[in-house]
Amino acid sequence: TISKATEETGHESYVIGGYVRDHILGRGEPKDIDIVAVGSGIELAKKVSGLLPHKPKVQVFKNFGTAMLRAENLEIEFVGARKESYNRDSRKPMVEDGTLEDDQNRRDFTINALALSLNANSYGDLVDPFNGMKDLENKVIKTPLDPDITYSDDPLRMMRAIRFATQLNFKIEKESLKAITRNKERIKIISNERIVEELNKILLADKPSVGFALLHKTGLLHLIMPQLTALEGIEEIEGQRHKDNFWHTLEVVDNISENTNYLWLRWAALLHDIGKAPSKRFDKKIGWTFHGHEFLGAKMVYRLFKQLRLPLNEKMKYVQKLVLMSSRPIVIADENVTDSAVRRLVFDAGDDIEDLMTLCEADITTKNPKRFKKYHNN
Ligand code: CTP
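Residues numbered from 1 in each chain as written. Predicted model: local features only at pLDDT ≥ 70, side-chain atom pairs only at ≥ 80, totals over all residues.

**A look at unusual backbone geometry**
Not every positive phi belongs to a glycine, and Lys55 is a case in point at roughly 40°. When you line up the elements, Lys55 lands in the loop between α3 (41-51) and β3 (59-61). Looking at Lys55, the number of C-beta atoms within 10 Å reads 10, which means it is exposed. You will see that Arg309, though not glycine, has its phi angle at about 60°, which is positive. Mapped onto the fold, Arg309 is located in the loop between α16 (293-307) and α17 (314-325). (Helix = DSSP H or I, 4+ residues; strand = E, 2+ residues; numbered from the N terminus. Buried ≥ 20, exposed ≤ 12 C-beta atoms within 10 Å, placed from the backbone.)

Now the structure itself:
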């Protein structure tokens with residue numbers, strides 16, 4: 001239908017971006033398709049709707065020059081091919097009409113710039129000016145243009161690169177990784193909502209540690225969540241050492257992700273030790289202690305949610321509760337314990353007891369943060 005409508009407009013159109021990428025990778029059911037029209041996206045959308053039997057409603061976003069309609073459970077987004085130029089202080093580009101090539105140039109990664117022709121004379125042909133196909137095969141995230149330009153133009157792309165590397169199990173090309181490190185400070189112009197959107201996608205991947213290790217390596221994590229990077233490192237006094245709680249945390253997050261897809265339980269795993277950096281002390285008699293870290297941790301959850309503009313609702317309270325209780329893994333897990341304080345804890349956990357047990361399990365079965373760190377740095 002789109003092909004027929006395209007012919008009627010006398011212009012060209014292509015499927016582009018995530019749909020093409022995921023189709024080639026054989027990745028799940030698509031939810032949306034992006035169509036780029038060399039000409040007007042709005043005009044093409046209206047023509048497509050006219051040709052469909054149920055004449056779906058076309059939602060027009062005049063300011064962006066885009067239009068959207070729903071068909072067969074898919075959101076189809078139409079945009080006119082464009083050329084973009086950026087201003088240093090904003091993610092909002094200046095936009096002018098362009099060719100398909102201009103439009104591919106403005107995209108974030110080579111694997112997201114692949115286009116499939118919908119034109120009668122070349123239907124189904126792949127237009128791949130940056131060798132995106134090769135990068136898909138080699139599992140590489142790479143920018144079409146100089147990475148310093150791509151990331152500086154739209155710093156959200158630094159988070160997207162790391163998110164795609166985590167979701168798809170791809171490597172970020174070396175120059176690109178260096179450019180992210182160089183441009184990391186520019187993340188400050190990105191809204192917290194958008195940052196959290198990417199963090200959530202990283203947390204929901206099979207191995208979230210991949211993303212957090214990359215955020216850490218590039219220095220982005222320190223800018224976004226310094227409370228987490230503060231957990232890194234091992235100190236030694238009088239021959240006594242404590243474990244590296246940063247790498248331990250990432251291991252716990254991976255462990256728990258094998259047992260649950262619930263986002264907020266994964267958040268609880270990520271934050272379960274954050275009270276340990278500010279509460280760390282060395283005591284001559286007992287060695288390293290983190291006394292009271294669970295209470296401090298729960299307070300820090302609130303501050304972090306506020307800082308990241310995450311909703312301060314029941315989900316936040318749930319994360320707080322698990323963080324507050326998670327440092328008693330062994331006693332809670334032992335059914336024979338009759339201690340009233342422990343019984344109280346189990347009582348307080350209420351309906352969340354299963355999740356608390358899962359978190360505790362994930363915590364105690366992580367034994368080797370050092371080896372884990374090495375794995376990520378290779
Ligand atoms: N895009 C971009 N820069 C961004 C966001 C998006 O260049 N900061 C382009 C990419 O070509 C991307 C397309 O717009 O493929 C659609 O973006 P989006 O829907 O956010 O991502 P998808 O690639 O579709 O992936 P996902 O649905 O997993 O987010």
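**Thoughts on the UniProt feature "domain: Poly A polymerase head" (unreviewed entry) in the chain**
UniProt's entry tags residues 14-141 with the feature "domain: Poly A polymerase head" (unreviewed entry), counted in the numbering of this structure. Counting secondary structure, residues 14-141 comes out at 25% helix and 32% strand; the distance between its end C-alpha atoms is 22 Å. (UniProt positions renumbered as here; feature names shortened; annotations may be inferred.)

**With respect to the packing of helix α13 (residues 245-257) against helix α14 (residues 263-271)**
Put simply, α13 and α14 touch, their axes get as near as 8 Å, and they point 160° apart. With respect to their mutual orientation, α13 and α14 come out roughly antiparallel. Note on packing geometry: the crossing formed by α13 with α14 is right-handed. Residues Thr249, Val252, Val253, Ile256 and Ser257 of α13 form the contact with α14, whose own contacting residues are Leu265, Arg266, Ala269 and Leu270. Among the residues forming the contact of α13 with α14, the class breakdown is six nonpolar, two polar and one charged. (Axes fitted to C-alpha atoms, helices over the stretch in contact; angles between N-to-C directions. Parallel < 35°, antiparallel > 145°, perpendicular 65-115°, else oblique. Left-handed = near helix turned anticlockwise from the far one by under 90°. Contact = placed C-beta atoms within 7 Å. Nonpolar A, V, L, I, M, F, W, Y, C, P; charged D, E, K, R; others polar.)

**Observations concerning the site of the ligand**
In the vicinity of the ligand, the contacting residues are Gly17, Gly18, Asp34, Arg107, Asp108, Asn112, Asp154, Leu156, Arg157 and Arg160. By residue number, the principal contributor to the shell around the ligand is helix α7 (residues 156-168), which donates three residues. Residue composition of the shell around the ligand, grouped by class: one nonpolar, three polar and six charged. (Near = placed C-beta within 6 Å.)

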